[in-house]
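Here is how the chains run, residue by residue.
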Amino acid sequence: MDMDTRWIGGTAAMVMGLVLACGGGGTSGPGPGPDLETTDVQYESGPDAGPTDAGVEADAGCAQKKLDFVLAVGDTDQPCKGHNVCDIILSYNQDRDLQVQLTACGAPVPGAAISWEIVNDSLQVGGLGGQTTYTGADGISSNLVKNVKAAIGQFQVKVCVSGDADTACIYFNVAINPKGTAPLSVGFADYKGIYPLIDTAKVFLFKQGGTGKPTCADLDLANLPTATVVSPDVYITQTAVFSELPNLETEKTQYYTVVGLARSGQGPVQAYACNDTDGKVEWGGKKYVELSLVDIPPALKGSYDITNTFDLVSGLPPNVANVVYAIVGFFENPSAQIMLLICQAGASGSTLEDFCGYLFTHPQDPKIDELTTTGDVVFQIINVVLVGLLEQNCPFDDPSLCGKIYWTGKDVGDILTKFQLLSTFTFLQEPDQAGHLPAAACQEKWHTVRVRWTLGLDCPPADDNCGWKNLPLGGPGLPDIITGNFEADLVQASKLTIAPHTLNFQYGALVNFAIEKLLLPQVFGDGTDNLPAVDSYEALIGSLLAGKGCLIDDSCCATFAENVTEKAAGLTKNLVEGACEALITTGATYLRQQLLSLDAQPDNFTIGTKSPCPVYDTDKNMTFDAFGKKTEQCEWDARLVVGGTTYAPIGTFWGKAK
């Protein structure tokens, strides 16, 4: 049942509550005298109606004026003087003198024009002696209010200083009932919640039986029972006046649980109040009950698509950084990295070790600037092949612009420092009264890698969607979908805290995938040129040694050996070709394992919100539909154990309801 309809009911045949201003209320929310169809109220002074605009100030140097009630306490025993509303109850055909006083810095202002206007009188039960009066020497002005039709109803008398918009208007809230008194009045304390446009409320009375039930704890806000009496709509700055209660004259004393539901205009209920201790009503007496509204948070239950962004490289511990940056080095100086890999991947006594000895002056500590003559020849051969690869895969009109690897730098950096994972959060129930959600009620599924490569796409600077690719986890080369549960707390009805919890986050596998399956094809060829895609370390090594064409017929090592032995003395084709084949298999495995070995510890990822994440009901339908904002993302507090060392990656997230 919808919040705005689930409380409809009650014995409407009973004498309905009348509207009066809440003496205990302040000025939060809309003012007490707006037209019914408005929700954001601005008070305006009445028209000029006399010889002066604002009277004569008692002190010419003081311009601060105040319009106030002369009456200290209204008919609901709530204060009038010093407040902006005053409660008046009239019996049928009764009239009464109303008085206000205008002062300036405490001194009376004589001769000022005061405007009087009846508003919100849907039943036309009220009348006035005149529309304009003037203040006397004591600053007091009077007017007659009267009941002109014998019917239960209510209206307001708006009183302003004519032509003076700077002085706040005040309101008499007048209720008409046959007896001119009421056994029970219900008002609202100042509302200071999260819904600034709340202005309207309805009051429900539930008569307590001999056991004192129903109490507030017995009532389900989403499924209220039939009320004993229900008021008409009232403003939250007003008082619902119950002029008669069923069987009160016979029973003499009754006890009620009092519930108030508040909303903005005719929208869904946004706040509630309940009082089950102060509703003692006696025949012949007057009782006032004040309700304190509590915000009802929008519904959270449902699924949300979350975009998470992590910096996977900044601030890495040294042992992990050395591995990652060594592999990222293939995008900075591929020729040098392939030369070093010959030595790094070669086991003792292997063909690769032998080949390394021909290339570097100090093969036990190889440095790219300490090459032998043979090493320099091999380096130049690889470098010529590299330039051809880059120019062949160049996204620019002038291929020579891609002769150096630096042009890939921004997108390579973005993929690793702005690595995105898409996830889905599902909440199976609403938070309890304390705002808490147990882990069993909160599910998460991290299911997609999202990366961006903009080179050659002519993406407009302001287009944030250009160049993105979604790659589902669990696919070839990717780790499995990550699932888990977490505890959460809804704070202040508008922010969500996700408790720290562990996930099996395969950092090494994700970085390896980003490099091997995303970066390599973008830089060295993705197959769109009708040549094999360079989407593995094996293909990278082979194409760097002899060009992408050799991948078609697996001739990379034979071609490389022929090229090297033609220009470098002392090397045989068998040695070079054997070293090449070992490099493609052993070297590729070496590179891959360097990253995958970082994932030795399961459940290595601890994640929770760094601070409560704002959640939004953007369409104001009392259902949350957004986590954070794309421009103001929430922050993750993450801890990742990788390579045996704890690392704190920077992470943010935002999302929308599915």
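Structure: above.
In this text the structure is predicted, and so the values were computed from the model without any measurement.

Engineer: How do you make sense of the nonpolar core when you look at a structure like this?
Structural biologist: Taken as a class, soluble globular proteins show a tendency for nonpolar side chains to be buried jointly. By size, the foremost hydrophobic cluster in this structure holds 108 residues, and its most contacted members are Phe427, Tyr507, Phe524 and Phe627. If near-sequence neighbours (up to four positions away) are discounted, Phe627 is found in contact with Leu300, Tyr304, Ile306, Phe427, Leu496, Cys613, Pro614, Val615, Phe653, Trp654 and Gly655.

Engineer: Explain the pattern of salt bridges here, please?
Structural biologist: Opposite charge on two side chains makes pairing possible when the charged atoms of those side chains draw close. As enumerated under the stated definition, the model contains 14 salt bridges in all. For Asp68, the salt bridge goes to Lys66, with nearest N and O atoms at 4.0 Å. The class of Lys66 is partly exposed, set by a relative accessible area of 43%. Between Arg592 and Glu538 there is a salt bridge whose closest N-O contact spans 2.8 Å. Of the two residues, Arg592 is situated in helix α11 (residues 573–596) and Glu538 in helix α8 (residues 537–546); the sequence distance between them amounts to 54 residues. Members of the salt-bridge network, linked through shared partners, are Lys202, Asp233 and Arg263.

Engineer: Explanation requested: the sheet that holds strand β3 (residues 85–90) in the structure shown.
Structural biologist: Sheet strands associate in pairs through backbone hydrogen bonding, adopting either a parallel or an antiparallel arrangement. Judged by pairing direction, the sheet is mixed, and its 5 strands sit side by side in the order β3-β11-β10-β6-β8 without closing on themselves. A strand with exactly one partner marks an edge of an open sheet, and here the two such strands are β3 and β8 (132–134). The average angle at which neighbouring strand axes cross in this sheet is 25 degrees, direction not considered.

Engineer: Would you explain the environment of Ala588 in this entry?
Structural biologist: In this structure, Ala588 sits in helix α11. Sequence-wise, Ala588 and Ala539 are 49 residues apart; in three dimensions their C-alpha atoms are separated by 8.9 Å.

Engineer: What am I meant to see in the packing of helix α7 (residues 507–524) against α11 here?
Structural biologist: Any two packed helices are characterised by how steeply their axes cross, that is the angle between the axes, and by the distance between the axes. Interaxial distance between α7 and α11 falls to 7 Å at its minimum, and their mutual angle equals 140 degrees. Regarding the angle of α7 to α11, the classification is oblique. Between α7 and α11, the contacting residues are Gly508, Ala509, Val511, Asn512, Ile515 and Glu516 on the first element and Arg592, Leu595 and Leu596 on the second. For the contact of α7 with α11, the residue count by class is 5 nonpolar, 2 polar and 2 charged.

Engineer: Would you mind going over the state of the cysteines with me for this structure?
Structural biologist: Disulfide: a covalent bond formed between the sulfur atoms of two cysteine residues. Under the defined criterion, the tally for this structure stands at 7 disulfides. For Cys343, the disulfide goes to Cys356, at an S-S distance of 1.9 Å. Its S-S torsion of about 95 degrees marks the bond between Cys343 and Cys356 as right-handed, since a negative value means left-handed. Residue Cys343 is located in helix α3 (residues 334–344), and its partner Cys356 is located in helix α4 (residues 351–359); the two are separated by 13 residues in the primary sequence. For Cys356, a relative accessible area of 4% corresponds to the buried category. Through a disulfide, Cys613 is tied to Cys634; the S-S separation comes to 2.0 Å. Handedness here is read from the sign of the S-S torsion; for Cys613 and Cys634, about 65 degrees, the answer is right-handed. Pair noted here: Cys613 is in strand β32 (residues 613–616) and Cys634 is in strand β34 (residues 634–642), with a separation of 21 residues, a long-range link. Look at Cys613 and you get buried, because its relative accessible area is 1%. Owing to a relative accessible area of 5%, Cys634 belongs among the buried residues under this scheme.

Criteria and cut-off values
- Residues numbered from 1 in each chain as written.
- Predicted model: local features only at pLDDT ≥ 70, side-chain atom pairs only at ≥ 80, totals over all residues.
- Heavy atoms only, no water.
- Core = buried A, V, L, I, M, F, W, Y, C linked by side-chain atoms within 4.5 Å.
- Buried < 20%, exposed > 50% of the residue type's maximum accessible area, 1.4 Å probe, protein only.
- Contact = heavy atoms within 4.5 Å.
- Salt bridge = Lys/Arg side-chain N within 4 Å of Asp/Glu carboxyl O.
- Helix = DSSP H or I, 4+ residues; strand = E, 2+ residues; numbered from the N terminus.
- Pairing = 2+ DSSP bridges.
- Axes fitted to C-alpha atoms, helices over the stretch in contact; angles between N-to-C directions.
- Parallel < 35°, antiparallel > 145°, perpendicular 65-115°, else oblique.
- Nonpolar A, V, L, I, M, F, W, Y, C, P; charged D, E, K, R; others polar.
- Disulfide = S-S within 2.5 Å.

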